[in-house]
Amino acid sequence: MDSSAFLLRPSPLEPTNNNKDHRKKDNVFVNGDFVFDASLLKKQTRIPRQFLWPHGDLVFESRQELREPIIDLHGFICGDELATKHAADIIRSACTNHGFFQVVNHGVDKRLITAAHDHMEAFFKLPVSHKLKARKKPGSTWGYSGAHCERFSSKLPWKETFSFGYNNDGCGDNSAVLSYFLSVLGKDFEETGLVYQKYCEAMKELSLVIMELLAISLGIDRLHFRRFFQDSNSLMRCNYYPPCQEPSLTLGTGPHCDPTSLTILHQDQVGGLEVFAHNKWQAVRPRSDAFVVNIGDTFMALSNGRYKSCLHRAVVNRYKERRSLAFFVCPKEDKIVRPPVDLLNIVYRGEDHHQDDSSHERTRKYPDFTWSDFLDFTQKHYRADVTTLQSFTNWLLSTSNSSTAATSPNANNNPSSSSAAATAATN
Ligand SMILES: C=C1C[C@]23C[C@H]1CC[C@H]2[C@]1(C)CCC[C@@](C)(C(=O)O)[C@H]1[C@@H]3C(=O)O
Ligand SMILES: O=C(O)CCC(=O)C(=O)O
Ligand SMILES: [Fe+2]
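Note that the coordinates shown come from a computational prediction; the quantities given were computed from them, not determined experimentally.

## Remarks on the overall build of the chain
Reasoning step 1: Secondary structure assignment for the chain yields 14 helices and 18 strands.
Reasoning step 2: When each of the 427 residues of the chain is scored for burial, the buried share is 42%.
Reasoning step 3: Long-range pairs, those at least 24 residues apart, make up 74% of the contacts in the chain with a sequence separation of at least 6.

The structure is reproduced here in structure tokens:
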């Protein structure tokens with residue numbers, strides 16, 4: 001592995017110039033709106049103030065790499081019992097500790113992964129005006145976004161994203177991804193649409209394999225989560241992180257737990273993903289043959305808090321652009337998210353499962369909710385961060401206990417449908 005990828009991060013003590021006027025002058029505006037134009041911003045020696053993150057989020061204490069066993073899926077896929085037990089043991093330990101693991105021998109064609117990266121590269125290389133044809137519409141989670149500047153006005157992430165939905169239930173039309181590409185980008189993007197359609201199908205397949213292993217690792221009916229997510233309504237996102245001349249002042253993606261259930265991510269060879277594990281931020285060394293998997297808030301709720309939603313972030317660097325492909329597995333919108341009954345009857349002692357009905361493990365940690373409500377919360381009331389699930393739980397309980405309309409739980413982290421209102425709320 002080329003270790004230089006991890007030597008790019010500057011010292012957190014690097015001197016900075018906080019000349020506010022200078023930062024203001026360099027912002028990129030089109031018709032009065034701030035626009036993330038990477039071709040200009042990547043060269044700017046003073047990044048716009050909207051991209052500055054608080055000191056607490058910018059802790060770069062370690063250049064340490066996360067050292068965790070990688071799960072080989074081959075044995076499980078072939079039905080080997082010993083290999084299955086081994087994989088489930090690693091998953092149980094990873095998910096109770098930090099919610100993160102990697103899988104190899106996953107069966108996804110590497111030519112498909114390469115094609116997905118190549119098409120993403122071509123898309124993000126388009127001029128901003130072209131990408132904006134596919135811009136995210138207010139209230140939608142689909143589309144192109146430059147630094148989320150249409151939603152937020154501070155703590156902007158140093159990235160561009162392109163997101164779209166995938167909801168194949170295994171019976172019926174499977175061309176929604178292709179249709180979306182054709183509708184927002186036109187016929188020139190037919191091949192891109194086909195590649196992502198295939199990529200999403202492969203991710204869905206892989207997610208169901210992982211769901212089965214998660215159920216085995218929790219000691220419940222092995223098909224429980226496979227069935228629950230059979231008709232999942234997932235989100236695919238391409239992330240592009242341009243180089244940044246002040247990488248110690250900003251973040252590509254701020255510290256957060258994914259509100260979704262499971263994330264299957266493929267990162268290129270540059271490096272930048274960090275996971276908070278064993279009480280420190282640790283880098284995830286890129287492996288082209290591996291998918292990074294993390295538990296999200298919704299799975300944490302489904303496991304009654306037994307499995308941790310993984311706290312992670314993406315840092316940027318001065319020299320190299322970086323890309324990643326994230327497939328966020330989500331339940332079908334209106335399905336009730338609640339832990340399986342047999343999970344509530346199991347008490348865990350060490351690595352063994354025991355039936356026992358007299359334990360606090362039976363106590364529900366989160367109220368019932370639907371993914372549709374939780375997604376709404378992250379898009380309308382609260383920017384997903386480290387405490388999304390707890391804030392959502394508190395908000396749900398406060399709305400069900402009160403007859404008056406609930407107020408947004410965190411004004412400083414509060415998205416808004418209009419960027420003018422977002423400016424008012426966040427500055
Ligand atoms: C449902 C989602 C919200 C976000 C995209 C998916 C899953 C991860 C969420 C996100 C990446 C967490 C960090 C903040 C966020 C605003 C981002 O940086 O993109 C989040 C996504 C979002 O709200 O668009
Ligand atoms: O790009 C990465 O490595 C992480 C992205 C991420 O965490 C996200 O999109 O939720
Ligand atoms: Fe994430």
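## Focus: the packing of helix H5 (residues 110-125) against helix H8 (residues 190-218)
Reasoning step 1: In contact at an axis separation of 10 Å, H5 and H8 are set at 135 degrees when each is read in the N-to-C sense. Here H8 runs oblique to H5, going by the angle between their axes. Seen from above, H5 lies across H8 with left-handed handedness. Residue-level contacts link Leu 112, Ala 115, Ala 116, His 119 and Phe 123 of H5 to Thr 192, Val 195, Tyr 196, Lys 198, Tyr 199 and Ala 202 of H8.
Reasoning step 2: Residue classes in the contact of H5 with H8 are distributed as 8 nonpolar, 2 polar and 1 charged.

## Things to note about the UniProt feature "domain: Fe2OG dioxygenase" (unreviewed entry) in the chain
Reasoning step 1: According to UniProt, the positions carrying the feature "domain: Fe2OG dioxygenase" (unreviewed entry) are residues 231-331.
Reasoning step 2: Here residues 231-331 is 6% helix and 45% strand, with 7 Å between the C-alpha atoms at its ends.

## Overview of the pairing of strand E14 (residues 322-329)
In regular strands, side chains alternate between the two faces of the sheet.
Reasoning step 1: Among the 8 residues in E14, 8 count as buried, and that is most of the element.
Reasoning step 2: Side chains Arg 322, Ser 324, Ala 326 and Phe 328 project from E14 onto one buried face, and the interleaved Arg 323, Leu 325, Phe 327 and Val 329 project onto a second face that is buried too.
Reasoning step 3: Where strand E9 (residues 262-267) and E14 come together, 6 bridges link them in antiparallel fashion. For Leu 262, the partnering residue across the bridge sits in E14 and is Val 329.

## Side note on the site of ligand 2
Reasoning step 1: Neighbouring ligand 2 are Arg 237, Asn 239, Thr 253, Asp 258, Leu 265, Gln 267, Leu 273, His 312, Ala 314, Ser 324 and Ala 326.
Reasoning step 2: Sorting the residues of the shell around ligand 2 by element identifies strand E7 (234-241), E9, strand E13 (311-314) and E14 as the ones contributing at least two each.
Reasoning step 3: Here the shell around ligand 2 is built from residues that sort into 4 nonpolar, 5 polar and 2 charged.

## Focus: the environment of Lys 110
Reasoning step 1: Locating Lys 110 in the fold gives a position in helix H5.
Reasoning step 2: When the C-alpha positions of Lys 110 and Asp 289 are compared, they lie 7.6 Å apart, and in sequence the two are 179 residues distant.

## Section: the packing of helix H7 (residues 176-185) against H8
Reasoning step 1: It is at 8 Å that the axes of H7 and H8 come closest, and there the two elements cross at 150 degrees. In this view, H7 runs roughly antiparallel relative to H8, as classed from their interaxial angle. In this structure, H7 crosses over H8, and the sense of that crossing is right-handed. The residues of H8 that touch H7, namely those facing Val 177, Leu 178, Phe 181 and Leu 182, are Glu 190, Thr 192, Gly 193, Leu 194, Tyr 196, Gln 197 and Cys 200.
Reasoning step 2: Its residues placed into classes, the contact of H7 with H8 shows 7 nonpolar, 3 polar and 1 charged.

## Side note on the site of ligand 1
Reasoning step 1: Close to ligand 1 lie 13 residues, the nearest being Pro 157, Thr 253, His 256, Asp 258 and Ala 384.
Reasoning step 2: Of all elements in the fold, only strand E8 (253-257) and helix H12 (371-381) reach the threshold of two or more residues within the shell around ligand 1.
Reasoning step 3: Here the residues of the shell around ligand 1 are counted per class, giving 6 nonpolar, 5 polar and 2 charged.

## Here's the deal with the sheet that holds strand E6 (residues 160-166)
Reasoning step 1: Ordered in space as E3-E4-E12-E9-E14-E7-E6-E5, the 8 strands form an open sheet in which the pairing is mixed. Each having just a single partner strand, strand E3 (71-72) and strand E5 (143-146) make up the two edges of the open sheet.
Reasoning step 2: Here helix H4 (residues 81-97) sits on the sheet and contacts E3, strand E4 (100-104) and strand E12 (291-295); the angle it forms with E4, its principal contact strand, is near 150 degrees.

## Comments concerning unusual backbone geometry
Reasoning step 1: Unusually for a residue other than glycine, Asn 105 sits at a positive phi of about 50 degrees.
Reasoning step 2: Turning to its location among the elements, Asn 105 is positioned in the loop between E4 and H5.
Reasoning step 3: A positive phi is found at His 148, a non-glycine position, where the angle reads about 55 degrees.
Reasoning step 4: When you line up the elements, His 148 lands in the loop between E5 and E6.
Reasoning step 5: Assessed through the 20 C-beta atoms surrounding it within 10 Å, His 148 is described here as buried.

## Structural notes on the sheet that holds strand E11 (residues 280-283)
In a beta sheet, neighbouring strands pair by backbone hydrogen bonds and run either parallel or antiparallel.
Reasoning step 1: If you walk across this open sheet you meet the 4 strands as E8-E13-E10-E11, and the pairing is antiparallel. Edge strands, defined here as strands with exactly one partner in the open sheet, are E8 and E11. On average, each strand axis in the sheet is tilted by 25 degrees relative to the strand beside it, whichever way the strands run.
Reasoning step 2: Judged from the 3 bridges that link them, E8 and E13 form a sheet pairing that is antiparallel. In the sheet register, His 256 faces E13, and the bridge partner there is His 312.

## Details of the pairing of E4
Reasoning step 1: Counting buried positions along E4 gives 4 out of 5 residues, so the element sits mostly inside the fold.
Reasoning step 2: Where E3 and E4 come together, 2 bridges link them in parallel fashion. Bridge pairing links Ile 71 to Val 103 in E4.
Reasoning step 3: Direction of pairing for E4 relative to E12: antiparallel, over a ladder of 4 bridges. Of the residues in E12, the one forming a bridge with Phe 100 is Asn 294.

Conventions adopted
- Residues numbered from 1 in each chain as written.
- Chains lettered and ligands numbered in written order.
- Predicted model: local features only at pLDDT ≥ 70, side-chain atom pairs only at ≥ 80, totals over all residues.
- Helix = DSSP H or I, 4+ residues; strand = E, 2+ residues; numbered from the N terminus.
- Buried ≥ 20, exposed ≤ 12 C-beta atoms within 10 Å, placed from the backbone.
- Contact = placed C-beta atoms within 7 Å.
- Axes fitted to C-alpha atoms, helices over the stretch in contact; angles between N-to-C directions.
- Parallel < 35°, antiparallel > 145°, perpendicular 65-115°, else oblique.
- Left-handed = near helix turned anticlockwise from the far one by under 90°.
- Nonpolar A, V, L, I, M, F, W, Y, C, P; charged D, E, K, R; others polar.
- UniProt positions renumbered as here; feature names shortened; annotations may be inferred.
- Pairing = 2+ DSSP bridges.
- Near = placed C-beta within 6 Å.

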